[in-house]
Amino acid sequence: MGIGLTHYIVLSAILFGLGIFAIITRKNAVLVLMGVELVLNSANINFIAFAKFNKMNIDGHIAAIFVIMLAAIEVAVALAIVLNIYQNYKHINVDEIDSLKD
Amino acid sequence: MLVDIVFWFFAVLIIGSALVVVLSKNMIYSVFALLFTFFGVAGIYVLLNADFLAVTQIMIYIGGILVLLIFGIMLTSNVTGVDIKSVQTGKIQMFFAGLVSILIIVSISFIAYSTNWKVSPTTNTDVSTTIESIGKQLLTNYLLAFESASVLLLIAIIGAALIARRK
């Protein structure tokens, strides 16, 4: 049995579930960001798998490029916010941060 | 047959290192496991005839995002060696979170198995590089999205520099 579309979808579903697990259980803000990266990667695998199994439709690749670009933007801005929070609180546990300004 | 072996190799690499990312108590181990996850995803892209995306994945994710994340961890932890512990949630929360993610995985996989996908797969002979068609699409059909993306990048750079600046 060869590798078909279903294999890629199941692979990306597993990656998605692990990313959701990291987002829910981690307390450290940087580790939550890593969970978000896993979720975005699983979405990209889906886009490109569907592109390949639809006669190399290039639209899926374009969507994946924009997802990668947005992931880079998101990490840069989120890390700036995390560094700012660390200056105020001296930790970045997302469950204890409850005010924007001290 | 060789494609199958390569796929299973990268699938095991991705899932194993993603498990380390999610479950490891040491944050440095998590970040370096994330490197292998990104590398495995790049391998899957190559397997799916997406050469440009594979190179982009390695350059942006491993060269950019991973370095940013390592900086984020190093700057926000009391570094006392390679052992940087992360606070975990309680056992009950872990159990319910695991339940939710297993439910998500099982339901998506069930949908994927039970749907009769109408596939018309690409054979390896009729594909050359994708770079030419991606470039054509980006400068014709997706020109507005492309230009808005560049404006968004500019705004993000200014915003990040403004937020992270020391007062």
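The model shown is predicted, which means the values in this text are computed figures rather than measured ones. (Residues numbered from 1 in each chain as written. Chains lettered and ligands numbered in written order. Predicted model: local features only at pLDDT ≥ 70, side-chain atom pairs only at ≥ 80, totals over all residues. Heavy atoms only, no water.)

Draft legend 1. Representation of the overall build of chain B. Along chain B, the regular secondary structure elements total six helices and zero strands. In chain B, the succession of helices and strands from N to C terminus is α-α-α-α-α-α. Evaluated residue by residue, chain B yields a buried proportion of 37% over its 167 residues. (Helix = DSSP H or I, 4+ residues; strand = E, 2+ residues; numbered from the N terminus. Buried < 20%, exposed > 50% of the residue type's maximum accessible area, 1.4 Å probe, protein only.)

Draft legend 2. Structural detail: the pattern of salt bridges. Taken as a whole, this structure holds two salt bridges over all chains when the rule is applied. For Lys 27 of chain A, the salt bridge is made with Asp 95 of chain A, and the minimal N-O distance between the two is 3.5 Å. With a gap of 68 residues between them, Lys 27 of chain A in the loop between helix H1 (5-25) and helix H2 (29-52) and Asp 95 of chain A in the segment after helix H3 (59-89) connect regions that are remote in the sequence. When its relative accessible area of 18% is taken as the criterion, Lys 27 of chain A is described as buried. Of the residues examined, Asp 95 of chain A reaches a relative accessible area of 46% and is grouped as partly exposed. Of the charged contacts in the structure, one is a salt bridge between Lys 136 of chain B and Glu 132 of chain B, with a shortest N-O distance of 3.3 Å. Residue Lys 136 of chain B and its partner Glu 132 of chain B are both found in helix H5 (residues 131-139); the two are separated by four residues, about one turn of the helix. Across the pair, Glu 132 of chain B and Lys 136 of chain B agree in class, each one exposed. (Salt bridge = Lys/Arg side-chain N within 4 Å of Asp/Glu carboxyl O.)

Draft legend 3. Layout of the interface of chain B and chain A. Of the residues lining the interface, 78 residues belong to chain B; the matching set on chain A comes to 68 residues. Summing both sides of the interface, chain B and chain A together bury roughly 6,700 Å²; the carbon and sulfur share of this comes to 78%. Across the contact surface, chain B and chain A share zero salt bridges. On inspection of chain B and its partner chain A, the count reaches eight residue pairs in polar contact (both at pLDDT 80 or more). Every element with two or more residues in the side of chain B that touches chain A is listed here: helix H1 (2-23), helix H2 (27-47), helix H3 (51-75), helix H4 (91-114), H5 and helix H6 (143-164) of chain B. Top element by residues in the side of chain B that touches chain A is H3 of chain B. It accounts for 12 residues. (Contact = heavy atoms within 4.5 Å. Buried area = accessible area lost by both parts, 1.4 Å probe. Polar contact = N/O pair within 3.5 Å; in protein donor to acceptor, adjacent residues only side chain to side chain.)

Draft legend 4. Region of the structure containing the nonpolar core. Among the nonpolar cores identified, the biggest contains 67 residues, and Tyr 8 of chain A together with Phe 7, Leu 34, Ile 44, Tyr 45 and Leu 53 of chain B are the most heavily contacted of them. For this core, the leading source of residues is H3 of chain A, giving 13 residues. A domain-level breakdown of this core finds at least three residues from each of domain 1 (1-84) and domain 2 (130-167) of chain B. The residues contacting Leu 34 of chain B, other than those within four sequence positions of it, are Met 34 and Leu 38 of chain A together with Val 21, Leu 66 and Leu 69 of chain B. (Core = buried A, V, L, I, M, F, W, Y, C linked by side-chain atoms within 4.5 Å. Domains from an automatic or database assignment.)

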